[in-house]
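Architecture at a glance
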Amino acid sequence: MDVTGLPPYDDANVFAKILRGEIPSRKVYEDEWALAFHDINPQAPVHVLVIPKGRYCSLADFSAGASDAEIAGFFRAVGHVARSLGLEAPGYRALANMGDHAGQEVGHFHVHIFGGRPLGRMIQSARG
Ligand code: AMP
């Protein structure tokens with residue numbers, strides 16, 4: 001169990017492999033706290049993922065278990081990446097899926113940054 005009571009971090013997840021350099025990514029930004037790279041299956045003209053360097057499964061795990069420095073460093077990196085991609089003036093969406101109901105696929109905490117066009121409604125209606 002991690003600090004949230006959910007299953008533990010799996011070092012074989014695809015983002016862990018990207019962090020270790022075992023599989024390639026199209027890197028956008030990297031610093032002490034975060035790595036950002038293009039999503040392999042983009043859902044908008046700009047679709048970038050920002051991940052913390054630490055071993056955190058999800059937003060629940062990260063918010064409960066990461067240090068203040070990790071949290072500050074990570075979210076500063078999210079803002080920096082969006083700014084550096086020229087997304088601030090037109091606007092963008094930052095989103096984190098957490099767990100089954102959100103459809104989280106990769107068990108390493110990540111924030112999606114979407115931009116490059118008007119993004120429509122925030123979520124699909126429950127009726128589809
Ligand atoms: P989520 O559903 O929030 O867990 O999102 C996982 C995201 O990771 C999806 O948008 C995938 O397209 C993306 N993804 C999966 N494998 C890779 C990869 N090797 N490189 C870049 N993005 C990936």
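The residue count restarts for each chain, going from 1 along the sequence in the order it is written. Where totals are concerned, whole chains, interfaces and linings use all residues; where local detail is concerned, this predicted model gives features only for residues with pLDDT of at least 70, and gives and counts side-chain atom pairs only at 80 or more. Note: side-chain values were computed over all heavy atoms of the structure, leaving out hydrogens and water.

1. Section: the environment of Pro118
Runs of H or I in DSSP of at least four residues are treated as helices and runs of E of at least two as strands, each being numbered from the N terminus. Here Pro118 shows up in the segment after β5 (111-115). The spacing of Pro118 and Pro90 is 28 residues in sequence and 8.6 Å in space, taken between C-alpha atoms.

2. With respect to the side chain of His108
Following the sequence through the fold, His108 ends up in the loop between β4 (93-95) and β5. Within the structure, the side chain of His108 is placed 3.5 Å from the backbone oxygen of Gly54, a separation counted as a polar contact. Contacts between residues were defined by any pair of non-hydrogen atoms, one from each residue, lying within 4.5 Å. Apart from residues no more than four positions distant in its own chain, His108 is found in contact with Tyr9, Asn13, Phe15, Leu19, Ile51, Pro52, Gly54, Tyr56 and Cys57. Side-chain atoms alone can form a polar contact between residues adjacent in sequence; in general such a contact is a pair of N or O atoms within 3.5 Å, and within protein one must be able to donate a hydrogen while the other accepts it.

3. Let's talk about the nonpolar core
Buried together is how nonpolar side chains tend to be arranged in soluble globular proteins. Val50, Phe62, Phe74, Val78, Val81, Phe109 and Ile113 are the most contacted members of the largest nonpolar core, which has 17 residues in total. Those elements that provide at least two residues to this core are β2 (34-38), β3 (46-52), α3 (68-84) and β5. A per-element tally of this core places α3 first, with five residues. Sequence-distant contacts of Phe62, that is, excluding residues within four places in its chain, are made with Pro52, Tyr56, Glu70, Ile71, Phe74, Phe75 and Phe109. For this analysis, a nonpolar core means a set of buried residues of the types Ala, Val, Leu, Ile, Met, Phe, Trp, Tyr and Cys, connected via side-chain atoms within 4.5 Å. Partly exposed residues are those whose accessible area sits between 20% and 50% of the maximum for their type, while under 20% is buried and over 50% is exposed, using a 1.4 Å probe and protein chains only. Counting residues in each nonpolar core, the second largest holds seven residues, with Ile18, Phe37, Ile51 and Val106 among its members.

4. Details of the site of the ligand
Here, proximity means that at least one heavy atom of the residue falls within 4 Å of the molecule or strand. Within the structure, the ligand sits among 16 residues, and Asp39, Asn97, Glu105, His110 and His112 are positioned closest to it. A distance of 3.2 Å separates an oxygen atom of the ligand from a polar atom in the backbone of Gly103. The contact in question runs from an oxygen atom of the ligand to an N or O atom on the side chain of His112, over 2.8 Å. Alone, the ligand offers 510 Å² of accessible surface; in the complex the protein occludes 85% of this. If you map the ligand onto the pockets, it falls in the largest pocket. Those elements that provide at least two residues to the shell around the ligand are α1 (14-19) and β2. Ranked by the residues each element gives to the shell around the ligand, the list is headed by α1, at three residues. Classification convention: Asp, Glu, Lys, Arg as charged; Ala, Val, Leu, Ile, Met, Phe, Trp, Tyr, Cys, Pro as nonpolar; all other residues, Gly among them, as polar. Its residues assigned to classes, the shell around the ligand shows seven nonpolar, seven polar and two charged. Note on areas: Shrake-Rupley with a 1.4 Å probe; residue coverage comes only from the protein chains shown. A cavity here means a set of points on a 1 Å grid, drawn over the protein atoms and nothing else, where a 1.4 Å probe fits but cannot get out; a pocket is an open set with protein on both sides within 12 Å along at least five of seven lines, and a residue lines either one if it has an atom within 4 Å of a point. What decides whether a molecule sits in a cavity or pocket is whether more than half of its atoms lie within 2 Å of the grid points.

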